[in-house]
Structure formats: structure tokens, C-alpha cells
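Listed below are the residues making up each chain.
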Amino acid sequence: MSSTRRRIDDPLWKAIIEQTFTHFLTFFFPDAALVFDLQRKVDYLDKEFETLFPPEPHGKGLRYVDKLVRVFLKSGAEQFILCHIEVQSGKSKEDLAKRMFQYYYKIVDKYQAPVMAIVILADAHRDYHPKYYRQRFMGTDLFYRFNSYKILQQKEEELQDNENPFAVVVLTALWAIKHQHVADDMLRDMKHRLYDEMLKRAMGTAERKAIYDFLTYYVGFQESDGLSKFVNELENKLGRRTIMNTKEYLLDKAKREGIDIGIEKGRVEGIEKGRLLFQKAIIENSITRLGLSDADIAELVNCPKSLVTQIRADLEKRNS
């Protein structure tokens, strides 16, 4: 059994909320269909949110994902939903409750519409569960309560019995918290069980693909070929290819995560050097973040395998 904490792919939260939003909403609020017009298209206001709260470097061990969503009530009125997902290896030094209040008043001030806020806490600290912000001074009393969902407090049996597809997402995150140090063969077994849980639930093809992506990539394997073993086992079990092109997903992911590095270096060192550094950034990201083999990376990036092997050796030497 490995003693190393496994890599958690936090940005997948942002994608899974968008791709399964109706299920997300009805999972946390079972009567949502009576309140919201779920047939109308929702708007994801990520860019607008960044203008209100420009991204800042987060403290070590603190990672969070924010989404601001505009939805419509049955009456036709607008409603804003603020989704805050916090994944952290240690308790935040920041005041989460205060930050949630700041989010609230800035959003209300900009849009002049109600805000429903929910915090999803995916950390491993049982006693950490902020639910409200309060400020009192000389007769002035401010109290702001928000929805706060602690994944670690959920019961596996209840999630397995819940027919909502988003229950599989929460179960994936719960197992990631509880089984941080399992060996790769046990992790593959858990992913198979999660896949079986997904198959039990009714959902569209696109939503099924999104949940498959989440349970497959949210927790990374330690072995370089761990992911390919899981995919191959799944294909053999089903007797066909899985519902998504794994290599296309990984290539797109590696490019997206390495693109800022490549662009910035391209500005500094010229187009050709920037292109080569961009390629190197994708390869390094595929090694360190995705845990792919040299052959798979070479195929994904369309470069000689020897280049990947050399970059891997350089990384190991640098980190030794």
C-alpha cells in the first residue's frame, strides 16, 4: 500500500457541475423541479465572476472551485446560484464564511437578484464545517447563513441507494477522502464499483460520459500504466470500447493545463522556442499530473518516445 497521498483533479468539479447541472441541483434540493424552470437553458457566469473576484494565488494545500450560475424560476424571475467547492489537504487559513459573505454581497450588488449559495467541502477534516458568517458590534448584528455540504459526513449506503446520478459524483469524492493511500489494484476495483453504480442510474449519454470522466480521472493512479489498465479492464468487461475516447480527453487536458506556460514562454523567447517549450510543458504535465507512460505520451503529443524518456529522466533528476 502506497504511503503517498494521491493526486486529486480538482478542476473536474467545474466540468461535472456544468455537465450534470440538473442532477446536481435536484441532488442537493429535491424540490428544485417545483421551484426552478429546469427546461430553460442556464448561464454559467465564470467570466463575470472573475471580474468580481480576480483569481489570486491560493495558499499551499488550499484549492477551491467557484461557479456562478444564472437560472430561472417557474415565475420567470432570475435567480443566481453560487457554487463553491473546497478541496484542501489542510484547514484553510482564510475565513471561508467571510469569503462566502463577500461573494454574496458583491453578486447581489451587481445583479440585484437573489443568490442561493452552497459550499461543498471535500476535505478530510471532520471538525471543519463552516455554515455561517456573523459580525456583531454595538447593537449592529449581521448574520449570513449558507448551504454547507460536508462530503465526509455522508453515508455510503445512502449515496448508493440514491437514484440521482450526482450521487455517484459525491460517492467518488467520499471514497477519495476515505481511501487516500490504497494501492492501485484497490483503486481500480473502486473505480469499477463506481462505474457499476453509474450504470444503475438513468441519465443521458452526455451526462453518463461526464460522470465516467469524473470517476475515472478524479483520483490518479500511482503507476504510470494504472489508468490504461483500468480502461482496458473496463473495455474487456463491456466487450466494447468505453463511452469516451480516453486519449483525446487526456491530450486535451494536458494541452489545457500546459497552455499558459507555453504561451508565456513563447512571448519571452520567441515563437519557435515557445512552441518547443509548450510541447515540453505538455509532456511534463502528462508525466507529473496524469501519470501516463512514455509511449502513450509520445502518441498523444506526436513526438519521439526518446524525447519523453529524456524529459522524464530530467524531472526525476530535478526532484531527487
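Residues numbered from 1 in each chain as written. Predicted model: local features only at pLDDT ≥ 70, side-chain atom pairs only at ≥ 80, totals over all residues. Heavy atoms only, no water.

Looking at the protein chain as a whole, its pLDDT mean stands at 79, while 78% of the residues score no less than 70. Under a pLDDT of 50 for its full length, residues 58–62 has, in the predicted model, 10 contacts with residues more than four places off or in other chains. Counting interchain partners and residues more than four positions distant, the pLDDT-below-50 stretch residues 259–271 has 10 contacts. (pLDDT = per-residue confidence, 0-100. Contact = heavy atoms within 4.5 Å.)

Another point: the side chain of Asp 184. Tracing the sequence through the fold places Asp 184 in helix α8 (residues 184–199). Only 3.1 Å separates the side chain of Asp 184 from the backbone nitrogen of Gln 222, close enough to count as a polar contact. At a separation of 2.8 Å, a polar atom in the side chain of Asp 184 contacts the main-chain amide nitrogen of Glu 223. (Helix = DSSP H or I, 4+ residues; strand = E, 2+ residues; numbered from the N terminus. Polar contact = N/O pair within 3.5 Å; in protein donor to acceptor, adjacent residues only side chain to side chain.)

A word on helix α1 (residues 12–19). Along α1, the positions that sit buried rather than exposed are Leu 12, Trp 13, Ile 16 and Ile 17. Buried residues of α1, viewed axially, fall in a sector of 135°; they line one side. (Buried < 20%, exposed > 50% of the residue type's maximum accessible area, 1.4 Å probe, protein only. Arc of directions from axis to C-beta.)

Another aspect to go through is the packing of aromatic side chains. What characterises a pair of aromatic rings is the spacing of the ring centres plus the angle enclosed by the ring planes. Inspection of the entire model under this criterion finds 21 aromatic pairs. With a centroid separation of 5.9 Å and an interplanar angle of 55°, the aromatic rings of Phe 101 and Tyr 144 are classed as tilted. Residue Phe 101 is located in helix α5 (residues 96–111), and its partner Tyr 144 is located in strand β6 (residues 140–145); the two are separated by 43 residues in the primary sequence. Residue classification places Tyr 144 among the buried positions, given a relative accessible area of 9%. Through a chain of ring-to-ring contacts, three or more aromatic side chains come together here, namely Phe 21, Phe 24, Phe 27, Phe 28, Tyr 44, Tyr 149 and Phe 166. Sitting above the plane of the Phe 72 ring, Arg 40 keeps its charged end 3.7 Å from the centroid. Geometry around Tyr 111 places Lys 110 over its ring, the cationic atom sitting 5.5 Å from the centre. (Phe/Tyr/Trp six-rings, centres within 6.5 Å; stacked < 30°, edge-to-face > 60°. Lys NZ or Arg CZ within 6 Å of the ring centre and 35° of its normal.)

Here we take up the environment of Asp 66. In this fold, Asp 66 is placed in strand β2 (residues 62–72). Spatially, the C-alpha atoms of Asp 66 and Pro 11 are 10.0 Å apart, while their sequence positions differ by 55 residues. The residues contacting Asp 66, other than those within four sequence positions of it, are Lys 14, Phe 49, Cys 83, His 84 and Tyr 103. One polar contact links Asp 66 to Tyr 103, side chain to side chain, over a distance of 3.0 Å.

Taking relative accessible area as the criterion, Asp 184 reaches 4% and is therefore assigned buried. Considering only alpha carbons, one finds Asp 184 and Leu 227, 43 residues apart in sequence, at a separation of 9.4 Å.

Within soluble globular proteins, side chains that are nonpolar tend to cluster in buried spots. In terms of nonpolar packing, the biggest core is built from 58 residues, with Trp 13 and Ile 151 touching the most fellow members. Among the elements that line this core, the one with the most residues is helix α7 (residues 166–178), at 11 residues. Core analysis: the next-biggest nonpolar cluster, separate from the first, contains 23 residues, Ile 107, Ala 117, Val 119 and Phe 146 among them. (Core = buried A, V, L, I, M, F, W, Y, C linked by side-chain atoms within 4.5 Å.)

Glancing now at the pattern of salt bridges. Side chains carrying opposite charge are able to pair once their charged atoms draw close together. Throughout the structure, instances matching the rule amount to 14 salt bridges. Notably, a salt bridge pairs Lys 67 with Glu 18, separated by 2.8 Å at the nearest N-O pair. Linking Lys 67 in strand β2 with Glu 18 in helix α1, this pair joins segments that are 49 residues apart in sequence. With its nearest N and O atoms 3.3 Å apart, the salt bridge here joins Arg 70 to Asp 43. In this pair, Arg 70 is assigned in strand β2 and Asp 43 in strand β1 (residues 43–44), connecting sequence segments 27 residues apart. Look at Asp 43 and you get partly exposed, because its relative accessible area is 27%. One network of salt bridges, in which partners are shared, links Lys 14, Glu 18, Asp 46 and Lys 67. (Salt bridge = Lys/Arg side-chain N within 4 Å of Asp/Glu carboxyl O.)

To continue, consider unusual backbone geometry. Negative phi characterises most residues that are not glycine, and trans characterises most peptide bonds. Unlike most non-glycine residues, Gln 112 shows phi in positive territory, near 50°. Structurally, Gln 112 can be placed in the loop between α5 and β4 (115–121). A relative accessible area of 62% places Gln 112 in the exposed class. At Met 138, a residue that is not glycine, the phi angle is positive and equals roughly 45°. Mapped onto the secondary structure, Met 138 falls in the loop between β5 (132–137) and β6. On the accessibility criterion, Met 138 (74% relative accessible area) is exposed.

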